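Topology and contacts: notes
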Amino acid sequence: MRLVFAGTPEVAVPALDALLASEHEVVAVVTRPDAPAGRGRKLVASPVAQRAEEAGIEILKPAKPSDPEFLARLTELAPDACPVVAYGALLRPGALEIPKYGWVNLHFSLLPAWRGAAPVQHAVLAGDEVTGASTFLIEQGLDSGPVFGIITEEIRPTDTSGELLTRLSHAGARLLTATMDGIADGSLHAVPQPADGITLAPKINVEDARITWAHPALRIDRLVRGCAPAPGAWTTFRDERLKLSGPVKLLVDATELAPGELAVGKNSVRVGTGSHEIELGEVQPQGKKPMRAADWARGVRIDSGEHLV
């Protein structure tokens, strides 16, 4: 089939690579416009745009996928299907109607669970033991279209959302390619999602990522892992923000510290919670790079009885 691939971040690149290596022809990519990045805030092309440039593929960067010029060019390209991975813009009927077989999205959950922008983060936050990826036909509803296929992936006890998403991006790339194969040869047909089991996964913002130390240790552990690498779970120490950039260790037999209370050992930093204590991994003080919690504690010289808030 003739394909126009739509995607923006690094997590979409494995799927683009898989389609480029397939029997299908990727004639163009659609991605978000260049965005400011780095300290200089210079405009930088998306990872998908950079990969497409390396491959010599036409790149389309509409401000909105409803722009008339974009729709005209997409019509000229005459794609059979438009595979999508984390494109990041809402598709309207004018665009949805152009490809013969529609826009087929790779979504990183087992639909209808975790519809929305942050399915992997919410799966970790909720303590799910298994997640996966789904390919489905995009329609006007939020991730509600009929499903072509799924793959499953175990969520490991120490997984961050970043680690889990990396695995899913590679497994999902194979699923998306197989979906294109099945659509092309007529062997695959989308099945409506069940009405039961719908959960929503809205974007996690910075305030959602703030740690409440009165919560149980397991909930805090999931928050730290679910918000890594972004937006990053955080707390405050001496009125300055402190990000927990690495997973914590649960100390199930230690219950002496009050919620948020700190205890510093030779090579460890423990914190009390609403249940048992945890040991901090990596932390990132405001304006500094991530470091081992023990190194941070030595630098700030924590007094007995001090708390994270």
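Here, the structure is the one placed above.
Because the structure is predicted, anything quoted here is derived from the model rather than measured.

The rules behind these values
Residues numbered from 1 in each chain as written. Predicted model: local features only at pLDDT ≥ 70, side-chain atom pairs only at ≥ 80, totals over all residues. Heavy atoms only, no water. Helix = DSSP H or I, 4+ residues; strand = E, 2+ residues; numbered from the N terminus. Buried < 20%, exposed > 50% of the residue type's maximum accessible area, 1.4 Å probe, protein only. Contact = heavy atoms within 4.5 Å. Areas by Shrake-Rupley, 256 points an atom, 1.4 Å probe, with all protein chains shown as cover. Lys, Arg positive; Asp, Glu negative; His and termini not counted. Charge placed at Lys NZ, Arg CZ, Asp CG, Glu CD. Axes fitted to C-alpha atoms, helices over the stretch in contact; angles between N-to-C directions. Parallel < 35°, antiparallel > 145°, perpendicular 65-115°, else oblique. Left-handed = near helix turned anticlockwise from the far one by under 90°. 1 Å grid on protein atoms, 1.4 Å probe; cavity = no way out; pocket = protein on both sides within 12 Å on 5 of 7 lines; lining within 4 Å. Points joined across faces, edges and corners; volume = space filled by probe spheres on them. Nonpolar A, V, L, I, M, F, W, Y, C, P; charged D, E, K, R; others polar. Pairing = 2+ DSSP bridges. Arc of directions from axis to C-beta.

1. Comments concerning the overall build of the chain
- Helix and strand content of the chain: 8 helices and 17 strands.
- Principal axes of the C-alpha set define a box for the chain whose edges measure 70 × 45 × 30 Å.
- Looking at the chain as a whole, 48% of its 309 residues qualify as buried.
- Sequence separation of 24 or more characterises 64% of the internal contacts of the chain that already satisfy a separation of 6 or more.
- Element-wise, carbon and sulfur atoms account for 52% of the exposed surface of the chain, whose accessible area totals about 15,100 Å².
- Taken as two groups, the 31 positive and 38 negative side-chain charges of the chain have centres that lie 7 Å from each other.

2. Notes on unusual backbone geometry
- Cis rather than trans, the peptide bond between L111 and P112 has omega equal to 15°.
- On the secondary structure map, P112 appears in the loop between β7 (103–107) and α5 (119–125).
- Non-glycine residue R238 carries a positive phi angle of around 50°.
- By secondary structure assignment, the location of R238 is in the loop between β10 (233–237) and β11 (240–244).

3. A few points about the packing of helix α1 (residues 13–20) against helix α6 (residues 161–185)
- At a minimum axis separation of 8 Å, α1 and α6 run at an interaxial angle of 40°. Compared by their axis directions, α1 and α6 come out oblique. The crossing of α1 and α6 is right-handed. On the side of α1, the interface is formed by P14, A15, A18 and L19, while α6 contributes S169, H170, A173, L176, T177 and M180.

4. Comments concerning α1
- Inspection of α1 places V13, P14, A15, L16 and L19 among the buried residues, and these make up the whole buried set.
- In this structure, the buried residues of α1 make contact with β1 (2–7), β2 (25–30), α2 (47–55), β6 (82–85) and α6.

5. Details of the layout of surface pockets
- By volume, the largest pocket amounts to about 1,100 Å³.
- Lining the largest pocket are 37 residues, with A86, G88, G116, A117 and A118 sitting closest to its centre.
- A class-by-class count of the residues in the lining of the largest pocket yields 24 nonpolar, 10 polar and 3 charged.

6. A few points about the packing of α1 against α2
- Relative orientation of the contacting elements α1 and α2 amounts to 25°, with a least axis distance of 9 Å. By the angle class used here, α1 and α2 are roughly parallel. Both α1 and α2 take part in a crossing whose hand is right-handed. Here V13, L16, D17 and L20 of α1 come into contact with α2, specifically with P47, V48, R51, A52 and A55.
- Split by residue class, the contact of α1 with α2 holds 7 nonpolar, no polar and 2 charged.

7. Things to note about the sheet that holds strand β15 (residues 277–279)
- One open sheet holds the 4 strands; their spatial order is β12-β15-β14-β13, and the pairing between them is antiparallel. Looking at the sheet topology across the chains shown, the edges are occupied by β12 (249–251) and β13 (262–264). Shown here is a sheet whose adjacent strand axes are inclined to one another by a mean of 30°, direction ignored.

8. Some details on helix α8 (residues 293–300)
- Restricting attention to buried positions, one finds in α8 the residues A293, A294, W296 and A297. Buried residues of α8 fall within an arc of 160° about the axis and therefore sit on the same side.
- Lining the buried residues of α8 we find β10, β11, β13, β14 (269–271), β16 (282–285) and β17 (291–292).
- Two residues or fewer after α8 comes R301, characterised by a positive phi angle close to 55°.

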